[in-house]
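Chain residues, written in single-letter form:
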Amino acid sequence: MSMEQFLPRRTLIVEDEKDVQTLIQMTFKDHGIREVYCVSDGEEAWKELQKYDYELLVLDWKLPVLSGKRLLNRIRADRRLKYLPIIVLSGFLETGDVTFVNENFFTANMQKPFNQDDLMKISRTILRDRFDFQKIFEKAEETFFNLSGQGLGRVREVLNTWLQNFGQNPVGTSLVASIMRHFHIFDHASSIISTTMTVHKNNPLLHHQQALNQLCLGNFTGAFGNLEKAHQLCPINQGRILLLGKLAIHQGDLKTAVEYFKKAEELDSGSPSLKRCLEIVEFVEHRMGKEKVEDLENGIASLLNIMGADKVRQGLYLEGQEHCEHALIFAKSPDAKAAIYYNLGICEARRGNKKEAVSYFYRSIDIRPNYTNSINALEQFGIDVMNAG
């Protein structure tokens, strides 16, 4: 595909200066993009993003009501929006803000006043990167399932070929590692991040990615060290602070968890992800009685899975998915992981997403081949796993 083809069908501009708003809107419309919408503050943008699907967001950093920094934190914590391409506009960004922007996938920074041709060039570049990521993910998943769950070697080949395009680029390497974790290729994901860290020693994104690898491998002490290092390098990433709080709960330290959640509250007290973390604290304090989180077989993963399944039953699907996906990070036993994937599959099935539901059910029985719940769920979709060739 040529670069000319990478244009957004629907764009949202978040800018409080009307003349800049109009300039951006006309730039996109001059290139044939008709669905270009404008809002003037971050809170209005957040409501708009909850109602409609956009392919590109142009985000001013210094906004009234809800700042660009707070909105970016909310977006990247939202399961549906975490890969939304975003261009951050600002007359000046402090060093810490630049670091934060740069550790987000599919996010670019443009300085005001901007060149209209550069705006279109950057738009095409991040949309192309997002397209490439989606295609390589789909190719890896198709390879995996077409080989009846035995295709991890081939998946590695697909991802390694794509990895060569990035060299030692922290964002590119992190994208590949994120897909590897999806297929439980944890050791290789850790290896490629370690290699890139030898070149980029103080990159918060790489430390965060390595922490995720370590969590999946059960190395909670190492994960805590890397998350803390990333937090020191970039203290305004709210999602990371919340993850540190969850890790503290997993280790039985509720007091430290609350301290992290208070830090997160200082960044954005209205964050939906913060609200869900405070629900975990309430669950531990008021519903567990004498039982301790650290004594549960899978620690906080057990709580998150229970809470996620409960949210799904209530029809709060995105909240349920967030709890279950974080439960996967902390789950140790194969049985627990199989149950979590099953719950994620049920969530997608209730939302009418058959392809995604089937993928989760398959992933569940890839971990536990005789996991009855997922086998029965696949049979409901007309898939007989037990007699498959």
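Thresholds, definitions, all that
Residues numbered from 1 in each chain as written. Predicted model: local features only at pLDDT ≥ 70, side-chain atom pairs only at ≥ 80, totals over all residues. Heavy atoms only, no water. Helix = DSSP H or I, 4+ residues; strand = E, 2+ residues; numbered from the N terminus. Expected span 1.5 Å × (residues − 1). Polar contact = N/O pair within 3.5 Å; in protein donor to acceptor, adjacent residues only side chain to side chain. Core = buried A, V, L, I, M, F, W, Y, C linked by side-chain atoms within 4.5 Å. Buried < 20%, exposed > 50% of the residue type's maximum accessible area, 1.4 Å probe, protein only. Contact = heavy atoms within 4.5 Å. Pairing = 2+ DSSP bridges.

## A short note on helix α9 (residues 204-216)
Here α9 contains 13 residues, and its C-alpha end-to-end distance of 19 Å stays within 8% of the 18 Å for a straight helix at 1.5 Å per residue. Two or three places before L205, at the opening of α9, N203 has a side-chain oxygen 3.0 Å from that residue's backbone nitrogen.

## With respect to the nonpolar core
Residues L57, L215, I249 and F330 are the most contacted members of the largest nonpolar core, which totals 67 residues. At seven residues, helix α11 (residues 238-250) tops the list of elements feeding residues into this core. If near-sequence neighbours (up to four positions away) are discounted, L215 is found in contact with F220, A223, L243, L247, I329 and F330. Membership of the second largest hydrophobic core comes to 25 residues, among which are L159, L175, F183 and L206.

## Some points on the environment of G225
Looking at the element boundaries, G225 is found in helix α10 (residues 220-233). A relative accessible area of 38% means that G225 is categorised as partly exposed. Between the C-alpha atoms of G225 and I126, which are 99 residues apart in sequence, the distance is 31 Å.

## Description of the pairing of strand β1 (residues 10-14)
Extensive coverage of β1 is indicated by the burial of five of its five residues. By the alternation rule, side chains of β1 split into R10, L12 and V14 and T11 and I13, which are all buried. For β1 and strand β2 (residues 35-39), the ladder comprises five bridges, and the chain directions are parallel. Opposite I13, over in β2, you have C38 as the bridge partner.

## Observations concerning unusual backbone geometry
Omega for the peptide link from K112 to P113 comes to -10°, which places this bond in the cis form. By the secondary structure assignment, P113 is in the loop between β5 (107-111) and α5 (116-146). One non-glycine residue, V65, lies in the positive phi region at around 70°. One can find V65 in the loop between β3 (56-60) and α3 (68-77). Classification of V65 by relative accessible area gives exposed; the value is 59%. Notably, F106 is not glycine yet its phi reads approximately 55°, a positive angle.

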